[in-house]
Amino acid sequence: MQRYLFSRLIQSALLMVGVLVITFFMVRLTGDPARVMTPRDASPERVEAMREAMGFNDPLIVQFTRYMGGAARGDFGRSLHYRAPAMSLVIQRVPATIELTLAAMGFALLFAIPLGVFGGSRPGSIWDTLARGFGLLGQTVPNFWLALMLIVVFAVDLGWFPSFGRSGPISIVLPAVALGFFPLGQFVRLVRSATLEVRGEDYIRTAYSKGIEERAVLGRHVFRNVSITLVSIVGVQFGYMLGGSIYIESIFSWPGIGRMINEAVQARDFPLVQAIAVFSAGFVVVLNLLTDVAYALIDPRIRYED
Amino acid sequence: MKKALCLLVMMSLVAFAAFGGGAAEEAVEPEQTLRVAVPTFPNSIDASIAAERNAQNVAWQMFDSLVFQTETGEVEPALARDWDISDDGRTYTFYLREDVEFHNGEPFNAEAVVYSWERGQRPELEWSDRWARADDARVIDEYTVEISTEEPDALLLGIMAQHWNMVPPQYTEEVGDDAFGEAPVGTGPFKFVEWVREDRVVLEANENYWREGLPRVDEVIYVPIPEASTRMAAIQTGEVDIVNRLSFEQAEALEDVDGVNVVTYPIDRVFYIAFNNLTTGVGEPTEDVRVRQAMNYAVDRQAIVDSLFGGYAELATGLMTTGNLGYDHSIEPYPYDPDRARELLAEAGYPDGFEIGFAAPTGAYTNFEQVAEAVQGYLRDVGIETDLEFMESGRYWDLEAEKALPPLFGDSWSERSGEALPRLRGALDGWDASFSAWQEETITEYMDEIGRTVDQERRAQLYTELHNYMFENPPFIYLYVPETFEATRDNVRDYNPRAAEDYFLMYTYLE
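Everything numeric in this text was worked out from a predicted model, so none of it was measured.

**Some details on the overall build of chain B**
Counting its regular elements, chain B contains 17 helices and 21 strands. Along the three orthogonal principal directions, the C-alpha set of chain B runs to about 80 × 65 × 40 Å. Partitioning the contacts of chain B with sequence separation of at least 6, the portion at a separation of at least 24 is 69%. Carbon and sulfur atoms make up 48% of the accessible area of chain B, which amounts to about 20,600 Å² in all.

**Points about the interface of chain B and chain A**
Counting residues at the interface gives 46 residues for chain B and 36 residues for chain A. Between chain B and chain A lies a buried interface of about 3,200 Å² when both sides are counted; carbon and sulfur atoms form 48% of it. At the junction of chain B with chain A, the criterion picks out 3 salt bridges. For Arg268 of chain A, the salt bridge goes to Asp398 of chain B, with nearest N and O atoms at 3.6 Å.

**Quick word on the sheet that holds strand 5 (residues 91–96) of chain B**
Residue and element names in this part refer to chain B. Across the sheet, which stays open at both edges, the 4 strands sit in the order 4-5-7-6 with antiparallel pairing between neighbours. Taken across any chain shown, the strands that pair with only one partner, and hence form the sheet edges, are strand 4 (80–85) and strand 6 (136–141). The mean angle between the axes of side-by-side strands here comes to 20°, regardless of whether they run parallel or antiparallel. Relative to strand 7 (residues 144–148), strand 5 runs antiparallel, the two sharing 5 bridges.

**Examining unusual backbone geometry**
Cis geometry is found at the peptide bond from Leu214 of chain B to Pro215 of chain B, where omega equals -5°. Among the structural elements, Pro215 of chain B can be located in the loop between strand 9 (200–205) and strand 10 (219–224). One non-glycine residue with positive phi stands out, namely Arg268 of chain A, at about 50°. Inspection of the secondary structure assignment puts Arg268 of chain A in the loop between helix 11 (257–266) and helix 12 (270–298). Of note, the phi angle at Asp494 of chain B is positive, near 55°, even though the residue is not glycine. By secondary structure assignment, the location of Asp494 of chain B is in the loop between strand 20 (492–493) and strand 21 (509–510).

**Focus on the packing of helix 16 (residues 441–452) of chain B against helix 17 (residues 456–472) of chain B**
When two helices pack together, their arrangement is given by the angle between the helix axes and by the axis-to-axis distance. Residue and element names in this part refer to chain B. Look at helix 16 against helix 17: their axes get within 10 Å of each other, and the N-to-C directions meet at 165°. By the angle between their axes, helix 16 is roughly antiparallel relative to helix 17. Here helix 16 runs over helix 17; the crossing is left-handed. Only Arg458, Arg459, Leu462, Tyr463, Glu465, Leu466, Tyr469 and Met470 of helix 17 make contact with helix 16, whose side of the interface consists of Thr442, Ile443, Tyr446, Met447, Glu449 and Ile450. Taken together, the residues of the contact of helix 16 with helix 17 sort by class into 9 nonpolar, 1 polar and 4 charged.

**What about the domain arrangement of chain B?**
All names here are of chain B. Considered domain by domain, chain B is made up of domain 1 (63–168) and domain 2 (269–483). With 9 residues of domain 1 in contact, the opposing surface of domain 2 contributes 11 residues. Our enumeration of links across domain 1 and domain 2 arrives at 1 residue pair in polar contact (both at pLDDT 80 or more). Here the residues of the side of domain 1 that touches domain 2 are counted per class, giving 5 nonpolar, 3 polar and 1 charged.

**Quick notes on the environment of Ala253 of chain B**
All names here are of chain B. In this fold, Ala253 is placed in helix 9 (residues 248–255). For Ala253, a relative accessible area of 39% corresponds to the partly exposed category. Spatially, the C-alpha atom of Ala253 lies 9.4 Å from that of Met232, the residues being 21 residues apart in sequence.

**Examining the domain arrangement of chain A**
Residue and element names in this part refer to chain A. Domains assigned within chain A are domain 1 (2–72) and domain 2 (93–298). One C-alpha centre belongs to domain 1, the other to domain 2, and the line joining them spans 34 Å. Facing the 20 residues of domain 1 at the interface are 14 residues of domain 2. Between domain 1 and domain 2, the buried area comes to about 1,400 Å², and carbon and sulfur atoms account for 74% of it. Taken together, the connections running from domain 1 to domain 2 amount to 1 salt bridge. With its nearest N and O atoms 2.0 Å apart, the salt bridge here joins Asp292 to Arg8.

**Side note on the pattern of salt bridges**
Counted according to the given criterion, the structure contains 38 salt bridges over all chains. The partner of Glu263 of chain A in a salt bridge is Arg259 of chain A, and the shortest N-O contact between them spans 3.1 Å. Of this pair, Glu263 of chain A and Arg259 of chain A both sit in helix 11, 4 residues apart, which is roughly one turn of the helix. Here the salt bridges do not stand alone but share partners, grouping Asp46, Arg119, Arg122 and Asp177 of chain B into one network.

**What to know about a nonpolar patch on the surface**
Residue and element names in this part refer to chain A. A cluster of nonpolar residues, Phe144, Trp145, Met149 and Tyr247, forms a patch on the protein surface that exposes about 430 Å² of accessible area. The greatest single-element share of the nonpolar patch, amounting to 3 residues, is contributed by helix 7 (residues 143–157). With respect to the element layout, Met149 can be found in helix 7. Judged by its relative accessible area of 33%, Met149 is partly exposed.

**Brief notes about the sheet that holds strand 17 (residues 408–414) of chain B**
Residues and elements named next belong to chain B. Read from one edge of the open sheet, 5 strands run 16-15-17-13-18, paired in mixed fashion. In this open sheet, the two edge strands, each paired with only one partner strand, are strand 16 (384–392) and strand 18 (476–478). Direction aside, the axes of adjacent strands within the sheet are offset by 30° on average. Sheet analysis places strand 13 (residues 269–275) next to strand 17, joined by 7 bridges and oriented antiparallel. Residue pairing across strands places Phe275 opposite Leu408, the latter belonging to strand 17. Those strands touched by helix 10 (residues 289–298) are strand 13, strand 15 (354–362), strand 16, strand 17 and strand 18, and its axis lies near 25° from that of strand 18. Sheet strands in contact with helix 15 (residues 421–428) are strand 13, strand 17 and strand 18, and its direction is about 155° off that of strand 17.

Rules used throughout
Residues numbered from 1 in each chain as written. Chains lettered and ligands numbered in written order. Predicted model: local features only at pLDDT ≥ 70, side-chain atom pairs only at ≥ 80, totals over all residues. Heavy atoms only, no water. Helix = DSSP H or I, 4+ residues; strand = E, 2+ residues; numbered from the N terminus. Contact = heavy atoms within 4.5 Å. Areas by Shrake-Rupley, 256 points an atom, 1.4 Å probe, with all protein chains shown as cover. Buried area = accessible area lost by both parts, 1.4 Å probe. Salt bridge = Lys/Arg side-chain N within 4 Å of Asp/Glu carboxyl O. Pairing = 2+ DSSP bridges. Axes fitted to C-alpha atoms, helices over the stretch in contact; angles between N-to-C directions. Parallel < 35°, antiparallel > 145°, perpendicular 65-115°, else oblique. Left-handed = near helix turned anticlockwise from the far one by under 90°. Nonpolar A, V, L, I, M, F, W, Y, C, P; charged D, E, K, R; others polar. Domains from an automatic or database assignment. Polar contact = N/O pair within 3.5 Å; in protein donor to acceptor, adjacent residues only side chain to side chain. Buried < 20%, exposed > 50% of the residue type's maximum accessible area, 1.4 Å probe, protein only. Patch = residues over 30% accessible without salt bridge, like charges linked within 9 Å, V, L, I, M, F, W, Y side chains within 5 Å.

See the structure below:
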C-alpha cells in the first residue's frame, strides 16, 4: 500500500508538471494581453511599453523558465485584471466552490441512494419508475436551463429563495439543486442497476434465508456492495462539478472558482487562467488519489499489491 | 380594458400611498439603501485602475474631479470653483474650493491635485495616458493650481472630468496602490465601507459632501450578477433596485411587470464595417469613393435593425452619435437603394461587381455575426462577393491592431468623452493609431484642427464639416448606434444613465 501510494504520488507530481507546461503554452495561443490591458485608443507606443514592462517581449523560453521557477515557489504571478497575486485570488474563491459542490453532492446522494436502492430492489414498482424517471431527467436536462427555470419558479414566482448571491444557508438551495441534478441522475441509474445485480447474488439470498429483515439486508449487504461503484463515480463527478459550476456559478452569481474562470477568460488574464487551471488540475489529481484510497478502505477485496 | 383597469388600480394605490402613508413617513425617516446590480464585477474600485465602464461607475461614486462634464459636453465647476485659460491655450489656472475634505479628513488643496496628477501618470495605472495629456502641474498657493500642456489641448477639461480622480496624498502614499484599491478614499458623495470581493461593494453617504443636499440615499450596495436572465429575475423580486445591460427581449418582457420601470437609451457606440487603405485594402476597388458610397447604399440598415434589434437602434450617419458635439442633425442616413449602388459601381468601372475579403469578430457584440451575414447578403445583391470570415474576438482584435484583417472588417467603437474626437483618432489616425486601417489627408487635417481649437463654437463647426465630409466620403459602411436597456424598481427616482453608460447616484433616491 505504501509503495503504491508513493508511486501514485510521483505520477501525480509528473501530471502536474504536464499541466503547468500545457497551460503555459495554451494561454499564449489566445493573443496579446498587452492590448487587453490598455485602452483601445492607446497609441502603439503605449502598448509596446506595456508589453515590455510585463515581460511579454522576452523569448518564450525565458518567460517559461520564469513561470516554472515561480510555480515551484508557489508564485503564479499577478492577475493582470485584478492586479493582485493570482493564486491567492483563486484560493479566496475555493470555500464558495467547495461549499456549493458539497451541497450539490449531498443533495444528489440524499435522493439518489434511497431511490436507486428501493427502485433496484423492487423492479417495476413505483419506486423503480421514479428512479428511472430521475435517471433519465438528470442526464438529459441541461443544468443552465434548469437553473434559469428554478430561478423563475422558486425565486420570482414563489419568492421562496433569493435569485442570486451567497447570503445565508437558504441561498445555496437553488444552485445546489441545479448543479446536483446531473449527478443525481447518474447516481440513481448506477445505484439502481448495481442493486439489481447484487440482488440476485447468492449471499443476498443467504441473508434473507437467515431471516434478516429486508432493511438490514439492503443496508448492510446490498448497499455496501453498491457503494464501491458509487465511490468511484462520486470522485469523478466531484471533478466534473468544478467544471459544471462555470455556468451555475455565473447564473446564480455564486462567488466561486467557476465564475472566476469565466471572468478570467473574458479579461484574457493569463496568470489567473494559469493559476485556476493548475489549481483545478491539482484538485482533480488529489480527488483521484483519495478515491483510490477510499476503495481500499471500503472494499477489503481491493489490495494494492507491493 | 384590462390595461385600463390595471391603471386604475395602480392609481388608487399610488393615491393611497401618497395620502394615506404620508403621515407615518414624516415621523420616521427611513434609511434608504439603493441596491445596484452590475454585470461584471470591478477589477478594482480605484478609479485610476478600474478598467471598464461598470467598474468605473462603482469607483466614481467615491471621487470627484476638478471639473464636471454634463451630458451635453459642457464643463462645469466641481472641486475647482473656477478656472482661467491662458491666451496661448496652454496653461489652465484652477481656483479650488476651500471647504473640501477627503473622507479620511485630509484637506483637499493644490498639493493634493499635483500629487494626484503625479500618481495618475504611472504606467501601471489603467488611465495613465489620460493624466499624461498635461505636461506639468504646479502649486501656486494653497488653493490655486496651474496645469499646462505642451500644445493647446481642447479635450483636456473633458478628459479631466472623466478620468482625473483626486486622491489624498498622505493616505495614498502611506498604503500603496494595492491597499488603496482595497479601501479607496476620495472626496466624492459616497464613502467606502466594505468590499467583500466578488460579493458586494458597500458605500455610505458622505455627510460632509460639498454639494449641498447630496447624496440623497444613505447607502449604496453594488452586487455583481453576470447573467442577464438572473438580473432580470432580481429586479422582478425586488432584490435589487437597478439593473443594466438587458436584452431587448428581456426589456420587453419587463414592460408588463408591476413595480418595474424599463429605461432605454442609445449608447455612444457606433457599429460599422471598416475599409482599409493602408495594408490589405491597397489596390482594391474600395479605394474609389464611389464604390464606398455604393456599398453604403447597398445595405438595408433599417431591415437589419428591425429584425435583429427589434428596431431599438438608430441608423449611423457617421462615426459620431447624436449627442456628440457638432453632430449634424440634417444628415439623413444613406437610404437603401441597390439601383443607385449598381449605378455607382458601374461608374467606378465595376458593372459586374468584384470580389473582396471580409471579416467579423464572434462573441464580441450582440447579434453582430448575423449583422455581418446580412451585410454580406446585401453586398452580393449588387454584385460584390465577399468571403466572410469569422474569428474569435481576441484573435480578431490582435489582427486588427496589426492592420492584418481583410479590406472589409466589422467592428464598433464606444466613446465616453461626449465628443467624437478620441474615437475618430482611434479609428482614422492611420499608422499612428493601433486599431486604424484608414488614413486620409482631409480627415487628418480636420482632426488636428479640432484637437488644437479651444473655442467650443468653432470646434462644433469643424465637427459638423467633418461629419458632412465623412458622409460624402465614407471610410466605413455605417451601420447603427444601438440602444441599451436597463430597469429600475418603480420607486427609484432621478436615476439618469448617460450615453456613455455612466451615472451619478448622488442624485438618485427612493420614493
